[in-house]
Amino acid sequence: MNATVTAFVSEVEAVNRGRTAVVVALTVAVLVVVIAAAAPGRLERHGSLPWSSPDGKRIVFESSRDGSNLQIYDMNADGADVRRLTHSSATDIGPVWASDGKWIVFRSFHGDVGQLVAIRPDGSERHIVSDRKDIGWPRISPDGKRVAFQSSDEMGAPVIVTVNLDGSDLRTVQTGIDRPWDPVWSPDGKQLVFAEQPPDAGDPTAQTESVYISEISGYNRRLLATFAGFIQLPAWSPDGKTIAYQTWTGKRGDADIVLLNVASGKFTTITHRDHPYLDETPAWLPDGRLLFQSTRDGRYEIYVMNSDGSSPRRLTN
């Protein structure tokens, strides 16, 4: 493994804390294939993990474009006027915007120690929301008041928790399943969708991942859908009809974006290719288009496309 791949694998291992070791190994294996194929010396995460502001005018994302640890940036919806929002010695990743537009929440790592952090859209008023062990990808409630994320309980078992943006009133969601992860709020704020990690993710071509929907408390859970493969990082569409996921089935080192129809429980793949690269991390714009990250140009950049996968266009340069 060359130095670039080794460094990136270390980053992936850090940001995936809270997952099973097998899932981490699986994710690393996919990324090593893609990075090894990238042009030498190029920045692998020039633009990654995009998320739209509520009005659709700005996009927040992570990047290592300044040669430092991954930091948080934002830009216009057309890719212009890029601004760096964090100037931290930590690794700041995975930003999401509150629906009222007042806060951006993300994960921040100092070595092995992770925190859930919030900032204002101009980068000011940085504060810790939670330093609970094993913080997974955060999602903010539609009213902008609470954050849901995967964590671990006192025994080290995976759990989903919610907390106020000021760090108060942390609650465990009673999912009733063994390995819950990837929570996302319904657009009306009344329900949560989450998945259950399969017991063995070593062969994604043979596994099935279950997706559940419940009340915010976790009660009245029901099976929404099953997916033949590995899915993660859900994003619920503004109209409430569709949930976008990224997936990897272990074939050709590819990752795709799929849409889950909430009413029918059916999945549809909307990204396709004729050679290996990764299309990942879907996020909705208010007009129904999808942001996503892709390695199709040799490094992670941010793109936008229609909800059927048509007319993809690169935003970051």
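Every chain begins its residue count from 1, and numbering advances along the sequence as written. With the structure being a predicted model, the display of local features is reserved for residues of pLDDT at least 70 and the display and counting of side-chain atom pairs for 80 or more, all residues being used for whole-chain, interface and lining totals. Here the side-chain values reflect all heavy atoms present in the structure, with hydrogen atoms and water set aside.

## Some words on the environment of Arg-83
Alright, step 1. A run of H or I in DSSP becomes a helix once it reaches four residues, and a run of E becomes a strand once it reaches two; helices and strands are each numbered from the N terminus. Note on placement: Arg-83 falls in strand S4 (residues 83-84).
Alright, step 2. Spatially, the C-alpha atoms of Arg-83 and Ile-72 are 8.8 Å apart, while their sequence positions differ by 11 residues.
Alright, step 3. Between N or O atoms, a polar contact is any pair within 3.5 Å; within protein, one atom must be a potential hydrogen donor and the other a potential acceptor, and residues adjacent in sequence are included only when both atoms are from side chains. A polar atom in the side chain of Arg-83 sits 2.6 Å from the side chain of Asp-74.

## Some remarks on empty space enclosed by the protein
Alright, step 1. Definitions used for this entry: grid spacing 1 Å over protein atoms alone; cavity, a set of points where a 1.4 Å probe fits but cannot get out; pocket, an open set with protein on both sides within 12 Å along at least 5 of 7 lines; lining residue, one with an atom within 4 Å of a point. Grid points are joined across faces, edges and corners, and a volume is the space filled by probe spheres set on the points. Tallying each qualifying case throughout the model produces 4 cavities of 30 Å³ or more.
Alright, step 2. The volume enclosed by the second largest cavity comes to roughly 90 Å³.
Alright, step 3. Taken together, 13 residues make up the lining of the second largest cavity; nearest its centre are Leu-49, Pro-50, Trp-51, Arg-139 and Leu-233.
Alright, step 4. Looking at the lining of the second largest cavity, the elements that each hand over two or more residues are strand S1 (48-52), strand S5 (91-97) and strand S21 (279-284).
Alright, step 5. Each residue is assigned to one of three groups, with Ala, Val, Leu, Ile, Met, Phe, Trp, Tyr, Cys and Pro labelled nonpolar, Asp, Glu, Lys and Arg labelled charged, and all others, Gly among them, labelled polar. Of the residues contributing to the lining of the second largest cavity, the split by class is 10 nonpolar, 2 polar and 1 charged.

## Some words on the sheet that holds strand S6 (residues 104-110)
Alright, step 1. Reading across the sheet, the 4 strands line up as S5-S6-S7-S8 and stay open at both edges, with antiparallel pairing between neighbours. Each edge of the open sheet is held by one strand with a lone partner, namely S5 and strand S8 (127-130). Between one strand axis and the next, the sheet turns through 35° on average, direction left out of account.
Alright, step 2. Pairing of S5 with S6, which is carried by 5 bridges, proceeds in the antiparallel orientation. Residue pairing in the sheet places Val-96 in a bridge with Val-105 of S6. Here, strands pair whenever DSSP counts at least two bridges between them. What counts as an axis is a line fitted to C-alpha atoms, over the stretch in contact for a helix, and the angles between N-to-C directions run from 0 to 180 degrees.

## Section: the sheet that holds strand S23 (residues 301-305)
Alright, step 1. The sheet built from 4 strands is open, its strands ordered S21-S22-S23-S24 with antiparallel pairing. Every other strand in the sheet has two partners, leaving S21 and strand S24 (313-314) as the edge strands with one partner each.
Alright, step 2. Here 4 bridges tie S21 to strand S22 (residues 290-294), and the two strands are oriented antiparallel to one another. Across the sheet, the residue bridging to Glu-280 is Gln-293, located in S22.

## Points about the pairing of S22
Alright, step 1. Only protein chains enter the accessibility calculation, which uses a 1.4 Å probe; a residue whose area is less than 20% of its type maximum is buried, one above 50% is exposed, and one in between is partly exposed. Buried residues dominate S22, accounting for 5 of its 5 residues.
Alright, step 2. Of the two faces of S22, the one carrying Leu-290, Phe-292 and Ser-294 and the one carrying Leu-291 and Gln-293 are both buried.
Alright, step 3. Following S21, the chain reverses through 5 residues before pairing antiparallel with S22; Gly-288 in that reversal takes a positive phi of roughly 95°.
Alright, step 4. The sheet contact formed by S22 and S23 spans 5 bridges and is antiparallel. For Ser-294, the partnering residue across the bridge sits in S23 and is Glu-301.

## As for the packing of aromatic side chains
Alright, step 1. Classification of ring pairs rests on two measures: the distance between centres of Phe, Tyr or Trp rings, Trp counted by its six-membered ring, which must be within 6.5 Å, and the angle between planes, read as stacked under 30 degrees, edge-to-face over 60 and tilted in between. According to the stated counting rule, one finds 6 aromatic pairs in the structure shown.
Alright, step 2. With a centroid separation of 5.5 Å and an interplanar angle of 25°, the aromatic rings of Phe-292 and Tyr-303 are classed as stacked. Residue Phe-292 is located in strand S22, and its partner Tyr-303 is located in strand S23; the two are separated by 11 residues in the primary sequence.
Alright, step 3. Accessibility expressed as a relative area gives 0% for Phe-292, which makes it buried.
Alright, step 4. Under the relative-accessibility criterion, Tyr-303 is labelled buried at 4%.
Alright, step 5. Note on geometry: a ring has a charge over it if NZ (lysine) or CZ (arginine) is within 6 Å of the ring centre and within 35 degrees of the ring normal. Here the guanidinium or amino end of Arg-107 rests over the ring plane of Trp-137, the centre of that ring lying 3.9 Å away.
Alright, step 6. Directly above the ring of Tyr-303 sits Arg-296, whose terminal nitrogen or CZ lies 5.2 Å from the centroid.

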